[in-house]
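# Architecture at a glance
Spelled out, the chains give:
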Amino acid sequence: MKVELQNLTKIFPSRNKKSGGEVTAVNDFTFTIPDGMLVGLLGPSGCGKSTTLYMISGLQKPSSGKIFFGDEDVTELSPENRGVGLVFQNYALYPHLTVKQNIMFPLQNLRGTDKLSKQEMQERALEAAKLVQIDELMDRKPSELSGGQQQRVAIARALVKMPRVLLLDEPLSNLDARLRLQTREEIRRIQKETGITTVFVTHDQEEAMSISDMIVVMKLGVLQQIGKPQDIYDDPTNLFVAKFLGTPPINVFNGKVENGTLYIGNDAVLEVGGVDDQPVWVGIRPEGFTPDDNGALVCKLNNVEVMGRDVSVVSTHEASANPIVRSIVNADNKIDVTAENIKYSLKPHKVFIFNKETEERIYFEVK
Amino acid sequence: MENNSNSSLKVMKEKDIRKVASTQKVAKVFGQILVYTFLGIMALIVLFPFYFMIISSLKSLEEYRLAVPTLIPQSWKFQNYTDILIPFEMAEANGWVGTLVSPEAATNDFDLFTLFRNTMFVGIVSTILSLVITVLSAFAFARLNFKGKNALFAALLGTMMIPGELFTITNYATVMTKGGWFPTFFNGLGNMFGLFGPDFRIPFVDSSFAALIVPFLVSVFYIYLLRQNFLQIPNELYLAAKVDGTSDIKYLCKVMIPLALPTIISITILKMMGAWNSYMWPRLVANDDAHRLITNGLRNAFNDVSGNTDYPRQMAAVALVSLPLFLVFIFFRKYIMKGVSRSGIKG
């Protein structure tokens, strides 16, 4: 099921009525989720991603704008009539019911022609449980399950009524690191198996990049960029997106463009064609540095962290906006740890320049 | 500074440790002796009235009237109990008088069965209705959004500051005014407003029973208690239920009530105990043979014409009446304790 959001806006009235301030959680949000995709809504906390998810589910009404499932306008529809499955951050399992009863709970509300017999409900519940591989645990209470198992029960409960859209609110944030890796593969698998259009919310860019078909980056209720994870990483539209994606994070420098040359501090690092003279932000991905004795960028070497295949070089530069400059270079480059400075040449496609004021991307021609 | 910190960090010698350990042990044992002595004395103080009730109920009236009370009955008079439990007519018919039942039982004016039935009726009905009201209002205050919710709740809590004695008189005026709305309505309800003829009566539905039940149906305290409990249930459970199309009432019945069951059981028990123990209000509004409740029954009965009270038999009746509460306490101790500790000092 294709999900389409048109000019979606949510304004919360201020708590304090006298001050009269309003909070715009989601601002004029328009995008389309193609059928059968796994989409990650990514942004720092408070950027309106959960609000967007709740609006898709119908739990919150948009202040303006429309939501379509396929060609059907569902903006005014209540949650149960939209056919959505929702998994909450804390799973929201009913603690007094067994796993089986939890999974069957949504089926008990079906009315009219959809009404199921007890037998059918049990079969459907078992089917959903098998999909998430918890069919062994049907008679346990949620308190007797591990976090990962509870998560699966929550997903099974969301899937059991065969929703048109599956929504996951921070599905992995309550799990420990190992389980998180495992569960995100699991979510990926379940999504592929069922083919249900799935939207999940996360503040963890690694999580979003690793499993999503498509990422939607948000900031303060405003859509920043939509695209495939790799495309967004390689081609960010503004400084915020560039900074938000990638571990280790992008290195940002104060720079300027003069006569078609990009300067970081006093180092003339790159020829950039078609850019007017102006001060800029320069973003360089950690893998964009190549140690080169003739390199233009000279950094003060701090230390080298060995990671096996690669090494992470920590250095400083006076023009850097961050306290340190971190680069990831192939371990084959023998780096003299005792040296005072390290010189880099830059890979042009890993270098992004942004307008100093608007922080929008400035595209340049590589010469 | 440095010298000071050095001296305070001096390593404890083994000898010192042993000394401290033995002092600690002595202090602990001594403390325990004190605590248990205190607890023992307090337990005796609490239990003595019960003990005295039991032994008094087994004495003859003569022994009871001795200037120096005996702590163990000289002769055990179990007739005090059987006189109350076995109706005199039945004893007469079976020839039990003089053996199982004493002849004085002929003048017994303590109708255990009727009092018990009345009290059970009032207790059960008021508990059920009160629970319905409490659960629904707690749900509204905890979960629903409506205008003036917080103001209304604050006002309700405010009424808790008014002592109950203050509205006894106004309540009395409301329920007892002849021709007033209260008796008119509930007596009317009792004969279905004359729909089935003037002689038709639904058992137990009349203004006296209504006066015993209705004024105390709403307990702000219980609403508050349950609301707090409901508030602890995470919001996401409600949202999850909403996504699945669960109605509010179904959510209340299937999720909130089961989760708040311990509190609801506490409320049920406290309410039942309250109904069982109430004395002043029933004495005011329902002090006739048909409607009298057990506490007033105990107070009224066992007096002879000269105003002397047959205390042993009254004590036997008190023991019998206390028995159900005692059993409830034994079986539901956990819930009562929880309810009492939540309510501070009530119970």
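Residues numbered from 1 in each chain as written. Chains lettered and ligands numbered in written order. Predicted model: local features only at pLDDT ≥ 70, side-chain atom pairs only at ≥ 80, totals over all residues. Heavy atoms only, no water.

Attention now goes to the overall build of chain A. A count of helical and extended segments in chain A gives 9 helices and 22 strands. Its C-alpha atoms give chain A principal-axis dimensions of roughly 75 × 50 × 40 Å. The proportion of buried residues among the 367 residues of chain A is 51%. Looking at chain A alone, contacts between residues at least 24 apart form 66% of all its contacts between residues at least 6 apart. Carbon together with sulfur atoms contributes 47% to the accessible area of chain A, which is approximately 16900 Å² in total. In chain A, 42 positive and 48 negative side-chain charges are present, and the distance between their average locations comes to 7 Å. (Helix = DSSP H or I, 4+ residues; strand = E, 2+ residues; numbered from the N terminus. Buried < 20%, exposed > 50% of the residue type's maximum accessible area, 1.4 Å probe, protein only. Contact = heavy atoms within 4.5 Å. Areas by Shrake-Rupley, 256 points an atom, 1.4 Å probe, with all protein chains shown as cover. Lys, Arg positive; Asp, Glu negative; His and termini not counted. Charge placed at Lys NZ, Arg CZ, Asp CG, Glu CD.)

Turning our eyes to something else, we now look at the overall build of chain B. Scanning chain B from terminus to terminus reveals 18 helices and 0 strands. Taking 20 Å as the expected radius of gyration for a compact globule of 347 residues, we find that chain B reaches 28 Å, considerably beyond that expectation. Within chain B, the fraction of its 347 residues that count as buried is 36%. Within chain B, contacts between residues separated by at least 24 positions form 63% of all contacts whose residues are at least 6 apart in sequence. When the accessible surface of chain B is totalled, it reaches about 20900 Å², and 69% of it is carbon and sulfur. Here chain B holds 30 positive side-chain charges and 21 negative ones, and the gap between their average locations is 15 Å. (Rg over C-alpha atoms; globule rule 2.2 N^0.38 Å.)

Residue-level contacts link 15 residues of chain B with 19 residues of chain A. Of the roughly 1600 Å² buried between chain B and chain A, counting both surfaces, carbon and sulfur atoms make up 65%. For chain B, the biggest contributors to the area lost against chain A are E236, V243 and D244 of chain B; these three give 36% of the whole. Its salt-bridge partner being D244 of chain B, residue K161 of chain A comes within 3.0 Å of it at the nearest N-O pair. Seen at the junction of chain B and chain A, the total is 10 residue pairs in polar contact (both at pLDDT 80 or more). (Buried area = accessible area lost by both parts, 1.4 Å probe. Salt bridge = Lys/Arg side-chain N within 4 Å of Asp/Glu carboxyl O. Polar contact = N/O pair within 3.5 Å; in protein donor to acceptor, adjacent residues only side chain to side chain.)

This next bit is on the domain arrangement of chain B. Residues and elements named next belong to chain B. In terms of domains, chain B is made up of domain 1 (13-57) and domain 2 (109-343). Just the C-alpha atoms count here: the centres of domain 1 and domain 2 sit 40 Å apart. Each side of the interface is counted separately: domain 1 has 4 residues, and domain 2 has 6 residues. Considering only the side of domain 1, the residues that lose the most area to domain 2 are M53, S56 and S57, jointly responsible for 92% of the buried surface there. For the pair domain 1 and domain 2, the number of links is 0 salt bridges. Linking domain 1 to domain 2 there are 0 residue pairs in polar contact (both at pLDDT 80 or more). (Domains from an automatic or database assignment.)

Moving on: the packing of aromatic side chains. All told, the structure shown has 26 aromatic pairs over all chains when counted by the stated rule. Where W76 of chain B meets F78 of chain B, the ring centres are 6.5 Å apart and the plane angle is 15°; that geometry is what we call stacked. Taken as a pair, W76 of chain B and F78 of chain B share a single burial class, namely exposed. Aromatic pair F116 of chain B and W276 of chain B: ring centres 5.4 Å apart, planes at 80°, arrangement edge-to-face. Taken together, the positions of F116 of chain B in helix α6 (residues 112-143) and W276 of chain B in helix α14 (residues 261-277) put the pair 160 residues apart, joining distant regions of the chain. Overall, the relative accessible area of 29% leaves F116 of chain B in the partly exposed class. Given the relative accessible area of 9%, W276 of chain B is considered buried. Aromatic ring contacts, followed pair by pair, group W181, F182, F185, F186 and F193 of chain B into a single cluster. The ring of Y263 of chain A has K256 of chain A sitting right over it, with the charged end atom 5.6 Å from the ring centre. Geometry around W281 of chain A places K356 of chain A over its ring, the cationic atom sitting 4.1 Å from the centre. (Phe/Tyr/Trp six-rings, centres within 6.5 Å; stacked < 30°, edge-to-face > 60°. Lys NZ or Arg CZ within 6 Å of the ring centre and 35° of its normal.)

Moving on, we get to helix α12 (residues 235-243) of chain B. Every buried residue belonging to α12 of chain B is among L237, Y238, L239, A240, A241 and V243 of chain B, and all of these are buried. In the core, the buried residues of α12 of chain B are packed alongside α1 (49-57), α2 (79-82), β6 (84-87) and α5 (147-159) of chain A together with α6 and α13 (248-259) of chain B. After α12 of chain B finishes, the residue G245 of chain B shows a positive phi value of roughly 80°.

Okay, the side chain of R152 of chain A next. Residue and element names in this part refer to chain A. Structurally, R152 is set in helix α5. For R152, a relative accessible area of 16% puts it in the buried group. Residues within four places of R152 in sequence aside, it is in contact with V132, Q133, I134, Q182 and E186.

This next bit is on the environment of G245 of chain B. Looking at where G245 of chain B falls in the secondary structure, it is placed in the loop between α12 and α13. Of the residues examined, G245 of chain B reaches a relative accessible area of 23% and is grouped as partly exposed. Sequence separation of G245 of chain B and E89 of chain B is 156 residues, and the distance between their C-alpha atoms is 62 Å. Excluding residues within four positions of it along the chain, G245 of chain B makes contact with E80 and N109 of chain A.

Residue P248 of chain A follows T247 of chain A across a cis peptide bond; omega there is -10°. Within the secondary structure layout, P248 of chain A lies in the loop between α9 (239-244) and β11 (251-258). Although it is not a glycine, M192 of chain B adopts a positive phi angle of roughly 50°. By the secondary structure assignment, M192 of chain B is in the loop between α9 (181-190) and α10 (207-213). One non-glycine residue, F204 of chain B, lies in positive phi territory at about 70°. Structurally, F204 of chain B can be placed in the loop between α9 and α10.

Residue and element names in this part refer to chain A. Taken together, the 7 strands give an open sheet; going across it, the order is β21-β20-β14-β11-β12-β13-β22, and neighbouring strands pair in antiparallel fashion. Only two strands of the sheet have a single neighbouring strand rather than two, namely β21 (361-362) and β22 (365-366). Sheet analysis places strand β20 (residues 351-355) next to β21, joined by 2 bridges and oriented antiparallel. Following the sheet pairing, I353 is matched in β21 by I362. (Pairing = 2+ DSSP bridges.)

Now for the pattern of salt bridges. Side chains that carry opposite charge are capable of pairing whenever their charged atoms lie near each other. This model, assessed by the stated rule, comprises 20 salt bridges over all chains. Residues R361 of chain A and D235 of chain A are paired through a salt bridge, measuring 2.7 Å at the closest nitrogen-oxygen approach. Residue R361 of chain A is located in strand β21, and its partner D235 of chain A is located in the loop between α8 (229-234) and α9; the two are separated by 126 residues in the primary sequence. Residue D248 of chain B pairs with K242 of chain B through a salt bridge whose shortest N-O separation is 3.4 Å. Via salt bridges that share partners, R152, E186, R189 and E193 of chain A belong to a single interconnected network.

The subject of this paragraph is the pairing of strand β12 (residues 261-264) of chain A. Residue and element names in this part refer to chain A. In this sheet, β12 lies alongside β11 in antiparallel orientation, the contact comprising 4 bridges. Bridging across to β12, E258 finds its partner in T261. Here β11 folds back onto β12, and the loop between the two strands holds 2 residues, one of which, N259, carries a positive phi near 50°. Pairing analysis gives 4 bridges linking β12 to strand β13 (residues 267-273), with the strands arranged antiparallel. Among the inter-strand pairings, Y263 is bridged to a residue of β13, identified as A268. Once β12 ends, the chain turns through 2 residues before running back antiparallel as β13, passing G265 with a positive phi of about 60°.

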